[in-house]
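# Topology and contacts: notes
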Amino acid sequence: MKLGAAIVLVTVWAWPALGWAQAPPPRPAPARPADGKAADGKKQGDSKQPVTVDSDRMERFGKESLIIFTGNVVARHDNSVQYADRMEVYLDEKGDKILRSVSTGNIRIVTKDCKTGTAKRAEYFDLEQRLVLIGDARVWQDDNVVSGETITIHLAQDRNVVNAGKQDRVKAVFYSKNDTNKPPPGAPGQPACAN
């Protein structure tokens, strides 16, 4: 981080469960009656965790319902995290719900189930619960790796689509859990799950 750079910390309460951003440690839940409802009448699990975004700079364009974060962007939600150089967040007309986001530059995403993804650009569409990694996209978990020009992750369906580029093909390497030829965790050139 550059010395003297301002750090902006913003919490967006309406961001849906993306599966790729990390929230701070959860606070203990208040005791619930046997019917599962809180004193305010809401069912257990109704509350949404906020998305927290750290960056060197934030700029808000109210008329366009757009917030732009630049410089060392870190977005956290639901035990996952996304890193980028720039993130554009598009809100609904009221400004209380995120509709989509576009991230560029040094994209790295670490999910709560310890999958890591990298790309030149990442686009998230809330309505479709779809995340698209574009440009030298790569996703791995442990030693299993898949790469292509684009990787589309349909979060609600637990379905992924990998497309090759014009000059290359989709590449995938998978190891069985009891494969004795697989490199040891942390071996040189092997990805490791870490935020």
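The structure displayed is predicted, hence computed values, not measured ones.

Moving on, we come to the overall build of the protein. Along its length, the protein carries 0 helices and 11 strands. What you see in the protein, going N to C, is helices and strands ordered as β-β-β-β-β-β-β-β-β-β-β. In the protein, which comprises 195 residues, the proportion classed as buried is 38%. Partitioning the contacts of the protein with sequence separation of at least 6, the portion at a separation of at least 24 is 44%. Carbon together with sulfur atoms contributes 52% to the accessible area of the protein, which is approximately 12,200 Å² in total.

The next point concerns the nonpolar core. Note on soluble globular proteins: their nonpolar side chains tend to be buried together. Core analysis: the largest hydrophobic core is formed by 13 residues, its most contacted members being Ile 109, Ala 122, Leu 131, Leu 133 and Ile 151. Broken down by secondary-structure element, the contributors of at least two residues to this core are β6 (98-110), β7 (116-125), β8 (130-141) and β9 (144-154). If one sorts the elements of this core by residue count, β8 sits on top with 4 residues. With 10 residues, the next largest nonpolar core counts Ile 67, Phe 69, Leu 91 and Ile 98 among its residues.

The subject of this paragraph is the pattern of salt bridges. One pass over the full model with this rule turns up 9 salt bridges. Between Asp 136 and Lys 120 there is a salt bridge; the shortest N-O distance is 3.4 Å. Taken together, the positions of Asp 136 in strand β8 and Lys 120 in strand β7 put the pair 16 residues apart, joining distant regions of the chain. Since its relative accessible area comes to 55%, Lys 120 is described here as exposed.

The next point concerns unusual backbone geometry. It is generally the case that most residues other than glycine have a negative phi and that most peptide bonds are trans. For Ser 65, which is not glycine, the phi torsion reads 50 degrees and is therefore positive. Tracing the backbone through its elements, the reader meets Ser 65 in the loop between β3 (57-61) and β4 (66-77). For Asn 72, which is not a glycine, the phi torsion comes out positive at approximately 50 degrees. As for its placement among the helices and strands, Asn 72 is situated in strand β4.

Reading guide: rules and limits
Residues numbered from 1 in each chain as written. Predicted model: local features only at pLDDT ≥ 70, side-chain atom pairs only at ≥ 80, totals over all residues. Heavy atoms only, no water. Helix = DSSP H or I, 4+ residues; strand = E, 2+ residues; numbered from the N terminus. Buried < 20%, exposed > 50% of the residue type's maximum accessible area, 1.4 Å probe, protein only. Contact = heavy atoms within 4.5 Å. Areas by Shrake-Rupley, 256 points an atom, 1.4 Å probe, with all protein chains shown as cover. Core = buried A, V, L, I, M, F, W, Y, C linked by side-chain atoms within 4.5 Å. Salt bridge = Lys/Arg side-chain N within 4 Å of Asp/Glu carboxyl O.

These figures come from the coordinates and say nothing about function on their own.
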